[in-house]
Amino acid sequence: MNTASCVSIAPIIEPTVGTTAELDRLGDDIAELSAHLDAATARLLDLIREFDARAGWNTGFRSCAEWLSWRVGLDRGAARERVRVARALGSLPRLAQALARGELSYSKVRALTRVATPETEERLLAVGRAGTAEHVERIVRGWRRVDRLAEAKETARRHTSRALHVYPDEDGMVVIRGRLAPEVGAALIQALTAAREALYHKAHAQHVPAGTSGADVSTEPPTMPQQQADALALVAETALHHGIDPGAPGERYQVVVHVDAPVLADVEAPGQSVLDDGAHVSAETSQRLACDASRVMMRHDPDGRILEVGARTRTIPPALRRALHHRDRGCRFPGCGLRFGQGHHIRHWAHGGPTTLANLTMLCRRHHRAVHEEGYQVERWPDGELRFRRPDGRPLPESPALPAVAADPVGMLRARHDERELNIHARTAMPGWLGERLDVGWAIDVLHPLAATSTGN
Ligand SMILES: [Zn+2]
Ligand SMILES: [Zn+2]
């Protein structure tokens, strides 16, 4: 059967009198159920917004969208869009309500939330009510053009104001003051957080031995600003050490690990792992760094003298890394799939695990940390499949079973909407459009608060 290249042109069929009423009813049923589904979608978005705000997804997943994709089987793009719309509706009560009443379709609401603000919501709701989905789409596109013009001006203004002042204070300390572009600031904050975690998160946990909870006041932890200062130092050192160019993963994590020989093989063993310039990292972190890196091992005797300097090696040779990329195609943590990753030894090479495809899996940076430092476990079963477990040992399936649905889900939906006294019928979501031509330029000029100033010069 060759249907793929077939273009079917439906002939216009004049329905016979007897079937006209029947088809009208069928059409009404479609319209009514669609409105019910849109109203139910509003409820779904409410739940997603709450789940997202309360970080219910933060159990090994990178984002709410990723969790959603994993849990209910939405494709990634659709999941991201649901979360975006859910968040947006949190501050757009009129649009949220119109969706909840089945008066505005999810498609329209989705488009409108791309541009709506609390100030412009009312006007845009009117657009959604009056126009077809296509009108709404075109107006939103025009609206965004005006937004972009205004935003480009604002971005240019902000960009010129970027600055970083670094100067010595009277007592020799160095003072830093600056203004960074939002995305640069975000990168800096992320780097500081990662460095702070590496320096303090695990180290602090290990400083409180069981049975002596908090009794030792002499080792008071550094304050947040002090931790930030130490984190910045690690960020700077790391940048210099790595020649600043991020490079390939194996190079990126090139770290000289000074290690007391037993530590790498056993997290519980006494001893310390120290990055090259003296920053301490936990044993778990040094295991993670050692998992996929160019490394030079320097072994110490108990007095800190270097006993042995190994040759620089790659823990995962380039050919094997290519094969690993080809097989795994990205992070294998359930629900992740991020394209860039690091090779993880399922059984660490320091414990005698071989560097073979069977003992390797790709994990993104976030999930590599989850496995080494947050207690998530991964093993490969004899059938070749990976099995992940949460820190408490519960399995983390590739995709969980979907909940059972009632025998009559549509009836249930209707009953629930009746309960809430929503009067949804076949004409609930009908636009007010009467067929006149849409002049997008004129509509934007009238509706957009910045249209006059942005297009006027
Ligand atoms: Zn690893
Ligand atoms: Zn991942």
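All residue numbers refer to position in the chain's written sequence, counted from 1. As they are written, the chains are lettered A onward and the ligands numbered 1 onward, keeping that order. Side-chain atom pairs in this predicted model are given and counted only at pLDDT of 80 or more, local residue features only at pLDDT of at least 70, and totals for whole chains, interfaces and linings cover all residues. Only hydrogens and water are set aside when side-chain values are computed; all heavy atoms of the structure are taken into account.

Colleague: Which parts of the structure should I look at to understand the overall build of the protein?
Modeller: Helix and strand assignments come from DSSP, with helices taken as H or I runs of at least 4 residues and strands as E runs of at least 2, each series counted from the N terminus. Scanning the protein from terminus to terminus reveals 17 helices and 13 strands. Residue contacts follow a heavy-atom distance rule, with two residues in contact if any of their heavy atoms lie within 4.5 Å. For the protein, the share of sequence-separated contacts (at least 6 apart) that also reach a separation of at least 24 residues comes to 61%. The Shrake-Rupley method, run with a 1.4 Å probe sphere, supplies the accessible areas, and residue values consider only the shown protein chains as cover. For the protein, the computed accessible surface area is about 27700 Å², with 57% contributed by carbon and sulfur atoms.

Colleague: In this structure, what is going on with the coordination of the zinc ion (ligand 2)? I would like to understand it.
Modeller: As a benchmark, a tetrahedral metal site with four donors has ideal angles of 109.5 degrees, while an octahedral site with six donors has ideal angles of 90 or 180 degrees. The zinc ion (ligand 2) binds to the protein through Cys331 (SG), Cys336 (SG), Cys364 (SG) and His367 (ND1), with metal-donor distances spanning 2.0 to 2.3 Å. Every donor residue of the zinc ion (ligand 2) comes from the same chain, spaced as C-x4-C-x27-C-x2-H. Pair noted here: cysteine 336 is in the loop between helix H13 (318–328) and strand E9 (342–345) and histidine 367 is in helix H14 (residues 365–373), with a separation of 31 residues, a long-range link. A single burial state applies to cysteine 336 and to histidine 367, both of which are buried. Here a donor is any nitrogen, oxygen or sulfur atom (N, O, S) within 2.8 Å of the metal, with 3.2 Å used for Na, K and Ca; water is not among the atoms considered, so some sites may look incomplete. Each residue's exposure class comes from its accessible area (1.4 Å probe, protein chains only) as a fraction of the maximum for that residue type: buried when under 20%, exposed when over 50%, partly exposed otherwise.

Colleague: Help me understand the confidence of the model for the protein, please; the structure alone is not making it clear to me.
Modeller: Do not read the predicted coordinates in detail wherever pLDDT is low. For the protein, the average pLDDT comes to 81, and 79% of its residues sit at 70 or higher. Confidence of the predictor at the level of single residues is captured by pLDDT, which takes values from 0 to 100. Every residue in residues 274–279 scores below 50 in pLDDT, and together they form 19 contacts with partners more than four places removed in sequence or on other chains.

Colleague: What's the story with the coordination of the zinc ion (ligand 1) in this structure? I'm lost.
Modeller: Protein-derived coordination of the zinc ion (ligand 1) comes from Cys291 (SG), His344 (ND1), His368 (NE2) and His372 (NE2), at a distance range of 2.0 to 2.2 Å. Labels for metal geometry use angle windows, namely 85 to 135 degrees for all angles of a four-donor tetrahedral site, and for square planar (four donors) or octahedral (six donors) sites opposite donors over 155 degrees apart plus all others within 65 to 115; sites meeting none of these are irregular. What the 4 donor atoms of the zinc ion (ligand 1) show is an angle range of 103 to 115° at the metal, which sorts the shape as tetrahedral.

Colleague: How should the pattern of salt bridges be read in this particular structure?
Modeller: Side chains bearing opposite charge may pair, as long as their charged atoms lie close to each other. We count a salt bridge whenever a side-chain nitrogen from Lys or Arg sits within 4 Å of a carboxyl oxygen from Asp or Glu. Within the structure shown, the criterion is met by 20 salt bridges. Its salt-bridge partner being arginine 94, residue glutamate 122 comes within 3.5 Å of it at the nearest N-O pair. Separated by 28 residues along the polypeptide, glutamate 122 in helix H6 (residues 121–130) and arginine 94 in helix H4 (residues 93–100) bring together distant segments of the chain. For glutamate 122, a relative accessible area of 47% gives the class partly exposed. The class for arginine 94 is partly exposed, based on a relative accessible area of 37%. A salt bridge links glutamate 137 to arginine 114; the nearest nitrogen and oxygen atoms lie 3.4 Å apart. Taken together, the residues glutamate 137 in helix H7 (residues 133–160) and arginine 114 in the loop between helix H5 (106–112) and H6 connect sequence positions 23 residues apart. Among the charged side chains, a salt-bridge network with shared partners connects Glu197, Arg288, Arg369 and Glu373.

Colleague: Even after reading the chapter, I still don't get a positive patch on the surface, so can you show me in this structure?
Modeller: Patch membership is restricted to residues that have no salt bridge and whose relative accessible area is over 30%. Joining uses 9 Å for like charges and 5 Å for the nonpolar side chains Val, Leu, Ile, Met, Phe, Trp and Tyr. A residue counts as positive if it is Lys or Arg and as negative if it is Asp or Glu; His and the chain ends are not included. Charge placement uses NZ in Lys and CZ in Arg. For Asp and Glu, CG and CD serve respectively. A surface patch of positive charge is lined by Arg141, Arg144, Arg145 and Arg148. Tracing the sequence through the fold places arginine 145 in helix H7.

Colleague: Is there a simple way to think about the nonpolar core in this case?
Modeller: When a protein is soluble and globular, its nonpolar side chains tend to lie buried together. Core analysis: the biggest nonpolar cluster contains 55 residues, and Leu45, Leu89, Leu95 and Phe333 have the highest contact counts within it. The greatest single-element share of this core, amounting to 6 residues, is contributed by helix H3 (residues 76–89). Put simply, a nonpolar core is a bunch of buried Ala, Val, Leu, Ile, Met, Phe, Trp, Tyr and Cys residues held in one set by side-chain atoms that sit within 4.5 Å of each other. Grouped together as the second largest cluster of nonpolar side chains are 7 residues, Leu192, Leu199, Tyr200 and Leu234 included.

Colleague: It is not clear to me how unusual backbone geometry should be interpreted in this structure. Could you clarify?
Modeller: A negative phi angle characterises most non-glycine residues, just as the trans form characterises most peptide bonds. Unusually for a residue other than glycine, arginine 329 sits at a positive phi of about 60°. Relative to the helices and strands, arginine 329 is located in the loop between H13 and E9. Overall, arginine 329 belongs to the exposed group, its relative accessible area being 54%. The phi angle at glutamate 421 is positive, at roughly 55°, despite the residue not being glycine.

Colleague: I'm lost on the pairing of E9 in this one. Help?
Modeller: Remark: a regular strand shows side chains that alternate across the two faces of the sheet. Side chains Gln342 and His344 project from E9 onto one buried face, and the interleaved Gly343 and His345 project onto a second face that is buried too. Relative to strand E10 (residues 360–363), E9 is paired through 4 bridges, and the arrangement is antiparallel. Note that in E10 the partner of histidine 344 across the bridge is threonine 361. DSSP calls a pair of strands paired once it identifies at least 2 bridges connecting them.

Colleague: Would you take a moment to explain the environment of glycine 56 for this structure?
Modeller: One can find glycine 56 in the loop between helix H1 (17–53) and helix H2 (64–72). Given the relative accessible area of 29%, glycine 56 is considered partly exposed. Note: C-alpha distance between glycine 56 and tryptophan 67 (11 residues apart in sequence) is 9.1 Å.

Colleague: Would you take a moment to explain H6 for this structure?
Modeller: What H6 keeps buried is the set Glu121, Leu124, Leu125, Val127 and Gly128. The buried residues of H6 occupy one face: seen down the axis, they fall within an arc of 155°. The elements touched by buried residues of H6 are H4, H5, H7 and helix H16 (440–447). The arc in question is formed by the directions pointing from the helix axis toward the C-beta atoms.

Colleague: Sorry, what's going on with the packing of aromatic side chains here?
Modeller: In this description, a pair of aromatic rings is defined by centroid distance and the angle of the planes. In this analysis, rings of Phe, Tyr and Trp, with Trp reduced to its six-membered ring, are considered paired at centre separations within 6.5 Å, and the interplanar angle assigns stacked below 30 degrees, edge-to-face beyond 60, and tilted for intermediate values. Scanning all chains against the criterion turns up 4 aromatic pairs. When the ring of phenylalanine 51 is compared with that of tryptophan 67, the centres are 4.3 Å apart and the planes differ by 40°; the resulting orientation is tilted. In this pair, phenylalanine 51 is assigned in helix H1 and tryptophan 67 in helix H2, connecting sequence segments 16 residues apart. Of the residues examined, phenylalanine 51 reaches a relative accessible area of 27% and is grouped as partly exposed. For tryptophan 67, a relative accessible area of 17% translates into the label buried. Taken together, the ring pairs connect Phe333, Tyr376 and Phe388 into an aromatic cluster. A ring has a charge above it when a Lys NZ or an Arg CZ is no more than 6 Å from the ring centre and no more than 35 degrees off the ring normal. Sitting above the plane of the tyrosine 106 ring, arginine 82 keeps its charged end 5.4 Å from the centroid.

Colleague: I would appreciate a short explanation of the pairing of strand E2 (residues 174–179) in the present structure.
Modeller: Burial runs low along E2: only 0 of the 6 residues are buried. With 6 bridges joining them, strand E1 (residues 163–168) and E2 adopt antiparallel strand pairing. Counterpart to histidine 165 in the pairing with E2 is arginine 177.

Colleague: Honestly, the packing of H4 against H6 in this entry has me stumped. Any pointers?
Modeller: The description of two packed helices rests on the angle between their axes and on the distance between the axes. The interhelical angle for the contact between H4 and H6, taken along N-to-C directions, is 30°, at an axis separation of 9 Å. Considering their axes alone, H4 and H6 lie roughly parallel with respect to each other. On H6, the residues touching Pro93, Arg94, Leu95 and Ala98 of H4 are Glu121, Glu122, Leu125 and Arg129. Here an axis means a line fitted to C-alpha atoms, over the contact stretch when the element is a helix, while the angle between two N-to-C directions is reported on a 0 to 180 degree scale. Put simply, angles under 35 degrees are roughly parallel, angles over 145 are roughly antiparallel, angles from 65 to 115 are roughly perpendicular, and the rest are oblique.

Colleague: Before we go on, may I ask you to explain a nonpolar patch on the surface in this structure?
Modeller: On the surface, a cluster of nonpolar side chains totalling about 670 Å² of accessible area is made up of Leu164, Val166, Val174, Ile176, Leu180, Val184, Leu188 and Leu232. When residues of the nonpolar patch are traced back to their parent elements, those giving at least two are E1, E2 and helix H8 (182–206). Relative to the elements of secondary structure, leucine 232 occurs in helix H9 (residues 224–241).

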